[in-house]
Amino acid sequence: MSSPASPSAPIPPLLLVGCGQMGGAMLAGWLADGLAPSVVLDRHRDDIPAPHRVVRDAADLPRDFVPSLIVLAAKPQKAAEVLPALAPFARQAPILSVMAGKTVGGLTAALADAGCPDAVVIRAMPNTPSAIGQGMTVCYTPPGASDAQRALCERILSAIGDTAWVTREEQMDAVTAISGSGPAYVFLLAELMEQTGTALGLPPELARRIARRTVSGAGALIERTGVDAAELRRRVTSPGGTTQQALSVLMAPDAWPTTLDRAIRAASRRARELAS
Ligand SMILES: NC(=O)c1ccc[n+]([C@@H]2O[C@H](COP(=O)([O-])OP(=O)(O)OC[C@H]3O[C@@H](n4cnc5c(N)ncnc54)[C@H](O)[C@@H]3O)[C@@H](O)[C@H]2O)c1
């Protein structure tokens, strides 16, 4: 198995299986950081720049290609379909699965059935801001993985944003519900602010611009200052002012505190269901 490269060296060669929204976002981040010649397996992509190669069918995977890491980014529902073809590669390199819900035990058992009983599977839950190097990826390494394999994953994932590790696999469900799905909650906020701005009589282009800029500016402020979100919220909220009026609606017990809690718990439950 390959050992991790130094941070200044190119990202070592990857076999990326599934290059849709998430696989594509990670690939964009890796390409921007410098990626050693790699192979992408996806029948819907024909725009991957040389020297990287795209293969449409698993049967056409180049047998002489030795990846440092196999990144599994197909839908969880496709796991049974894709894993058998990966068994020969999994004898040489660990698998980093970003599939929501799919457990190390389930993936390892499927690879064993496909003739690779010694496969090492590490789980990661990235998010789409990885495309611009602003991702948040949380990983879980099972006891069978080596320090070198963990360091390799850290090297590859830190190229596309921040990384963290959990010690219990079941924590990946909560991670999925917060940072994996979370960008969608923020994008929904931008959509809704734009819609209401337009409904209140703003020109649609202006409503769109101020909603987007408010979300991105608030995100940058939270990132750069490191100040607690609650304190940043308080700094916007003048006593008796407009924000307080809005927050009295949003923070009512049956409003955002309950709704968001229910939403995140629903996502976490769904992650658990996707395991099987
Ligand atoms: N979209 C996200 O924000 C996000 C975040 C974290 C994790 N994930 C995980 O990433 C995985 C992919 O999700 P997505 O949103 O990118 O889905 P997607 O549908 O956009 O991408 C899946 C890709 O897999 C390809 N594919 C389908 N069958 C295949 C096969 N047999 N072999 C190889 N490739 C095949 C498809 O052509 C497609 O491009 C999922 O497991 C999901 O849980 C997604």
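The following refers to the structure shown. In this text the structure is predicted, and so the values were computed from the model without any measurement. (Residues numbered from 1 in each chain as written. Predicted model: local features only at pLDDT ≥ 70, side-chain atom pairs only at ≥ 80, totals over all residues. Heavy atoms only, no water.)

Below, the discussion takes up the overall build of the chain. Secondary structure assignment for the chain yields 10 helices and 8 strands. Projected onto the principal axes, the alpha-carbon positions of the chain cover approximately 65 × 35 × 30 Å. In the chain, of all internal contacts separated by at least 6 residues, the share reaching a separation of at least 24 is 64%. For the chain, the exposed area adds up to about 14,800 Å²; of that, 57% sits on carbon and sulfur atoms. (Helix = DSSP H or I, 4+ residues; strand = E, 2+ residues; numbered from the N terminus. Contact = heavy atoms within 4.5 Å. Areas by Shrake-Rupley, 256 points an atom, 1.4 Å probe, with all protein chains shown as cover.)

Around the ligand lies a shell of 22 residues, among which Met22, Asp42, His44, Ala74 and Glu81 are the nearest. Within the side chain of His44, one N or O atom sits 2.8 Å away from an oxygen atom of the ligand. Within the side chain of Glu81, one N or O atom sits 2.8 Å away from a nitrogen atom of the ligand. Coverage of the ligand by the protein chains reaches 82% of its 820 Å² of free accessible surface. Applying the majority rule of atoms within 2 Å of the grid points places the ligand in the second largest pocket. (Near = heavy atom within 4 Å. Polar contact = N/O pair within 3.5 Å; in protein donor to acceptor, adjacent residues only side chain to side chain. 1 Å grid on protein atoms, 1.4 Å probe; cavity = no way out; pocket = protein on both sides within 12 Å on 5 of 7 lines; lining within 4 Å. Sits in = over half its atoms within 2 Å of the grid points.)

Here the focus is the sheet that holds strand β2 (residues 39–41). Here we have 8 strands laid out as an open sheet, ordered β3-β2-β1-β4-β5-β6-β7-β8, and mixed in their pairing. Because the sheet does not close on itself, it has two edges, and the strands there are β3 (53–55) and β8 (161–166). Strand-to-strand, the axes of this sheet are offset by a mean angle of 25 degrees, without reference to chain direction. Where strand β1 (residues 14–17) lies against strand β4 (residues 69–72), 4 bridges are found, and the strand directions are parallel. If you follow Leu15 over to β4, its bridge partner there is Ile70. Each of β1, β4 and β5 (95–97) is contacted by helix α2 (residues 79–90), which is oriented at about 165 degrees to β4, the strand it contacts most. (Pairing = 2+ DSSP bridges. Axes fitted to C-alpha atoms, helices over the stretch in contact; angles between N-to-C directions.)

According to the stated counting rule, one finds 11 salt bridges in the structure shown. With its nearest N and O atoms 4.0 Å apart, the salt bridge here joins Asp46 to Arg56. One end of the pair, Asp46, is in the loop between β2 and β3; the other, Arg56, is in the loop between β3 and β4, and 10 residues separate them in sequence. Judged by its relative accessible area of 46%, Arg56 falls in the partly exposed class. Arg270 is the partner of Glu273 in a salt bridge, and the nearest nitrogen-oxygen pair spans 2.8 Å. Placement of both Glu273 and Arg270 in helix α10 (residues 256–274) is noted, with a separation of 3 residues, approximately one turn of the helix. Members of the salt-bridge network, linked through shared partners, are Arg43, Lys78 and Glu81. (Salt bridge = Lys/Arg side-chain N within 4 Å of Asp/Glu carboxyl O. Buried < 20%, exposed > 50% of the residue type's maximum accessible area, 1.4 Å probe, protein only.)

This paragraph deals with the side chain of Ser130. Tracing the backbone shows Ser130 in the loop between β6 (121–125) and β7 (135–140). Residue class for Ser130 comes out buried when judged on its relative accessible area of 0%. Other than its neighbours up to four places away in sequence, Ser130 contacts Met22, Ala25, Met26, Gly29, Gly135 and Ile160.

Turning next to the state of the cysteines. This structure, assessed with the given rule, holds 0 disulfides. Cysteine Cys116 is unpaired, with the sulfur of Cys153 as its nearest cysteine sulfur at 16 Å. The thiol of Cys153 is unpaired, and the distance to the nearest cysteine sulfur, on Cys139, comes to 6.4 Å. (Disulfide = S-S within 2.5 Å.)

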